Structures are given as structure tokens and as C-alpha cells.
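Each chain is listed here by its residues.
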Amino acid sequence: MDKMYISPEYEVIRDRDRCTVCRICERQCANGVHAYNAETGRMTADNSRCVDCHRCVCYCPTHALKIVRSQDTYPENANWDSRTINEVYKQADSGGVLLSSMGNPKPQPIFWDRLLVNASQVTNPSIDPLREPMETRLWLGKRSTKIERDAGGKIRDLLAPQLPLEVPILFSAMSYGSISYNAHACLARAAEALGTYYNTGEGGLHKDFYKYSKNTIVQVASGRFGVFQGYLEGAAAIEIKMGQGAKPGIGGHLPGMKITEDVSETRMIPRGTDAISPAPHHDIYSIEDLRQLVCSLKEATDYKKPVIVKVAAVHNAAAIASGIARSGADIIAIDGYRGGTGAAPTRIRDNVGIPIELALAQVDQRLRDEGIREEVSLIVGGSIRSSADVVKAIALGADACYIGTAALLALGCHLCRSCHTGLCNWGIATQRPELVERLDPEVGYKRLVNLVTAWKHEIQEMMGGMGINSIEALRGNRLMLRGVGMTDRELELLGVRYAGENM
Ligand code: SF4
Ligand code: SF4
């Protein structure tokens, strides 16, 4: 046998009594799982093609479908589970690197869930967010730490360019190419409605979206796709992408099949050829080199736009952040190892990097210790799943959070983790016109607005419960957090006390 038979991961269960053979599932599935058998007059399923995206389950009018994990098992073995064995078979078949999408699904500790938020009782009154002002507005960028007056005694404006946000949540970088035109349309429109920002990722800025410039962050990544003067000017801020949480230390890869005419024009690269951005920026090998790029981008935009430097959360994140703060950047974005991606080698996604919670606590502390915390703002991302994660991140030291996977879930993503195939049945991670049109920008943008609005209310409620009435007062306020189920070392790294310890 040249190729090993690999049992499908999922099984399609069809209730024959309910199935009316309407063939909707067949039309909805881009993976070709469902088919009509004219001889039997019945529907059949090819389980080996199923990625568990749930499109058919959601659209079956009679609720006849269920997708379950396959019961077909190898001999029980705690060391060699079925997925690991299948991966070895796949590599022995192909000789290739395994590819995955979205974030690391491994059951490593999620420190957000081991952190608990404080609430006021009796002596320190809580604040009712329905009756009293609760400020979620903030500004990202360098803060002025001194006041200077000119010869006439007037206060000189020393303020560096700032990014105003109505809510401490931004949509994280997702390139046009990795996600669809309609997905970008939803993100851009929602960012404008919410008073926040979406991020082009490394795929350039589509000509139709320049109208959202005030709410756009453009990325300059190692491939420099789509970067030109107009692109830099067509944004509120510029982000230099040095690394990404899902794949620290390696570059990006967009398969040629996703490079349509429109994507190629936006990225300024040939159609149909793989877009591979190199692992390092070929002009950056030190903080001094990074500083040159920061300064060049500022010079090119007349010093009017804040520059963000995005890095993956890695072992020496704190020292790296200290260097970035001294490079002239206005904002540092740190992306944790559970962050999503359109495509990454599975081994890298699941084994490289560190949790964002630990990286954030260390970076914030280091910048404070060095007296340069006000030189930069901090945005963190990498699996921010709820408003509670946002509140905990800000209390740990972040100014704001990037959300990516949560935003895609709001658009209909079912986390099937097969974005790299380009066959997203929900019209998100695909460039196929018949799939892209499944995502209605009118509906999608409203769902994003709903999600962030709901989180904003929850953030206000949690802040009110703590007796805090502004994001600014919550930032780095670690006394508002307590840990449970953590070791002393973990608590020490997070700079948080154990639950039950007094102020
Ligand atoms: S969508 Fe549902 S009812 Fe229609 S063919 Fe598929 S399983 Fe049967
Ligand atoms: S974006 Fe689409 S392909 Fe990617 S995980 Fe979500 S549903 Fe699956």
C-alpha cells in the first residue's frame, strides 16, 4: 500500500426519517461531502472530506444532520492518540510539512481562566454603569510626561500622534487574500461604526476600503505586499509586523489559489503564484534597524501617524519590548501563542511561543521598571475570547486588545480550522466568488457591532463592580486580580496575588 488508509476524523449522521432529500447540504458543502445517489434516491456522505464546519447542519431545513467525532479508534494509548498517529501516516504519505489554520487547540493552561476579578463590597462602593458615566474611551500612543512652555508662556504641544478608541478593542490583522473581500467589508464598516480600527494585515489595502481610512491600520510586513505611499497615507496608523503569535519566527504563506485578480492587484504581486513573506525583514537585524524603519515610515507620513510594532509572544518578550519602546514606536502589539492564522505549519502553531498572559505581565513590568511605560501603549491579542479576558488583560497592563478569532466567529466561523484550503463554507477564509457571497456584509457588520457593543456593556459592568469608572484607572491595576489554581511561580510572573490574600 503506497498510502495508508486514514480513518476520517468526523462522521456525518443523517436521520433518514427526517431527510427529505432536498439536497441543500450538497449545495452548501464546498468540500463535496454530500452527494445524491440517483439509484437509491438517497443522500450519501463522504466522511473523509468533512471538516466539521457545520454549514450543512445549520442549513438542513429538517435538522436531519449531526456531525460527530469518528468512533473508529486505534488501540487506546495515552501517548499516541489517534490524531498523532494519523499525522505520522500523513507525513509518511506526503513527505510534507503539516499545515493548520486558526489558533493552537492544545489543552495548555489558559491563565485568563485562573484569574478572578475583584468587586467592591460595603466599604468601597461599586458604581452603577447604567446611572453613572463609565469611560471606555482611550487613546493609544506615547503619552507626554512633561509640560513645556514657549517663550510666551503658552504650553507647547508635545503630544505624539494618538489613536482614539471608543472601546478598548480593535480587530486584529487579517489580510485580504487570507480572508474574503466581504469579511474585510464587515470589519471595516464595523470598525467605523464602533469608533475603533480594523487591520489590513500584510495583504495591502483594497481600493474600495480607502473610505474607511480613519479606522484602518495598515501593515508593513516582511514581504512588503501592497506597500506604497498612498497605502501608508490611507491609514490612521501603520503596523510593522515582526511576528505573529500563531507562527513566531517564520514568514507568511498565501497559496497561489487564493491569489485572485483582485487580491493580486491589492497585494501588487502576480496572480496565482504563492505569496511567501520571508521570516525576517531583510533590512532589520537589530533594534537600530527597526528604528530606521519606524523613522522612515514616520518621515513618509509627515509624523502624523502612530507606528505600531507587532511581535509574537516569545521567551524574551520583555527585553524585546523594551527595545521596541526605544525604537521610536508609539504602540507595541504582542500576539500570544493561541492567536489565529489563515495558515501555519501545525508544529509551529502548537509548540512555539508563550501564553499572552505571561508575556503581557512581564512586558508591562519591565517597561514600568525602566520608567518607559508611558513611551508606548500596549495592545495584546492571541485568543481574547470574551469581555472578561479584555478586563483581565487591561488589569494585567494592556491598554487595549486585538480580537481576531472572536470577530470571525461573529461572522459565522465555526472554527473548523481549514482556512488554508480556501474552501471556507462560511464565506470568510475563501476567495471563491460563490462562497464569498455567502457572507452578507450588511449582516456581518451588524453582528460585529453587536458583539463589541455587548462586550463594552460587560466591561462597564465589571469596572463598575470594581468601583472603577475608567479604562485608564483599570490599566495595570493588578490588585483587581487574584489567581486560583496556579503555582507561586506563575503568580509571581503574573504579578498577581492568590485568591484570599488581602490587598
Ligand atoms: S439538507 Fe438535510 S434534508 Fe436536505 S438532503 Fe441534506 S440532510 Fe437531507
Ligand atoms: S474561517 Fe472558515 S475555514 Fe476558517 S476556521 Fe472559520 S469556518 Fe473554518
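Residues numbered from 1 in each chain as written. Chains lettered and ligands numbered in written order. Predicted model: local features only at pLDDT ≥ 70, side-chain atom pairs only at ≥ 80, totals over all residues.

## Looking at the overall build of the protein chain
- When helices and strands are tallied, the protein chain shows 16 helices and 21 strands.
- Here the protein chain has a C-alpha radius of gyration of 24 Å; the compact-globule value for 503 residues is 23 Å, and the two agree.
- By principal-axis analysis of the C-alpha atoms, the protein chain measures approximately 90 × 55 × 45 Å.
- Buried positions account for 47% of the 503 residues belonging to the protein chain.
- Taking the intrachain contacts of the protein chain between residues at least 6 apart in sequence as the baseline, contacts between residues at least 24 apart amount to 68%. (Helix = DSSP H or I, 4+ residues; strand = E, 2+ residues; numbered from the N terminus. Rg over C-alpha atoms; globule rule 2.2 N^0.38 Å. Buried ≥ 20, exposed ≤ 12 C-beta atoms within 10 Å, placed from the backbone. Contact = placed C-beta atoms within 7 Å.)

## Structural notes on the sheet that holds strand β10 (residues 198-199)
- In spatial order, the strands read β9-β19-β18-β16-β15-β12-β11-β10; together these 8 strands make up an open sheet with parallel pairing. Each having just a single partner strand, β9 (169-171) and β10 make up the two edges of the open sheet.
- One ladder, built from 2 bridges, connects β10 with strand β11 (residues 216-220); its direction is parallel. Its bridge partner lying in β11, N199 is registered against I217.
- With respect to the sheet, helix α8 (residues 317-326) is in contact with β15 (307-312) and β16 (331-335), its orientation differing from that of β16 by roughly 155°. (Pairing = 2+ DSSP bridges. Axes fitted to C-alpha atoms, helices over the stretch in contact; angles between N-to-C directions.)

## Comments concerning the environment of Y176
- Within the fold, Y176 resides in the loop between β9 and α4 (181-194).
- A tally of 26 C-beta atoms within 10 Å means that Y176 is categorised as buried.
- Spatially, the C-alpha atoms of Y176 and H315 are 30 Å apart, while their sequence positions differ by 139 residues.
- Excluding anything up to four places from it in sequence, Y176 contacts Y181, H184, T200, G203, G204, H206, V263 and T266.

## A few points about the sheet that holds strand β21 (residues 497-498)
- Strand order across the open sheet formed by 3 strands is β6-β20-β21, with mixed pairing between neighbours. Looking at which strands have only one partner, the edges of the open sheet turn out to be β6 (115-117) and β21.
- Here strand β20 (residues 481-483) pairs with β21 via 2 bridges, running parallel. Its bridge partner lying in β21, R482 is registered against R497.

## With respect to the nonpolar core
- Of all hydrophobic cores here, the largest spans 143 residues; its most connected members are I332, I334 and C401.
- Beyond its immediate chain neighbours, meaning those up to four positions away, C401 contacts P168, I169, I379, V380, G381, I384, V390 and A393. (Core = buried A, V, L, I, M, F, W, Y, C linked by C-beta atoms within 7 Å.)

## Regarding the domain arrangement of the protein chain
- One can read the domain layout of the protein chain as domain 1 (10-96) and domain 2 (136-142 + 166-465).
- For domain 1 versus domain 2, the separation of C-alpha centres amounts to 33 Å.
- Across the contact, 9 residues belong to domain 1 and 7 residues belong to domain 2.
- Along the lines of polarity and charge, the residues of the side of domain 1 that touches domain 2 split into 4 nonpolar, 3 polar and 2 charged. (Domains from an automatic or database assignment. Nonpolar A, V, L, I, M, F, W, Y, C, P; charged D, E, K, R; others polar.)

## Thoughts on the environment of L367
- For L367, the location among the structural elements is in helix α10 (residues 356-369).
- When near neighbours in sequence (up to four residues on either side) are disregarded, L367 contacts A321, S322, A325, I372 and R373.

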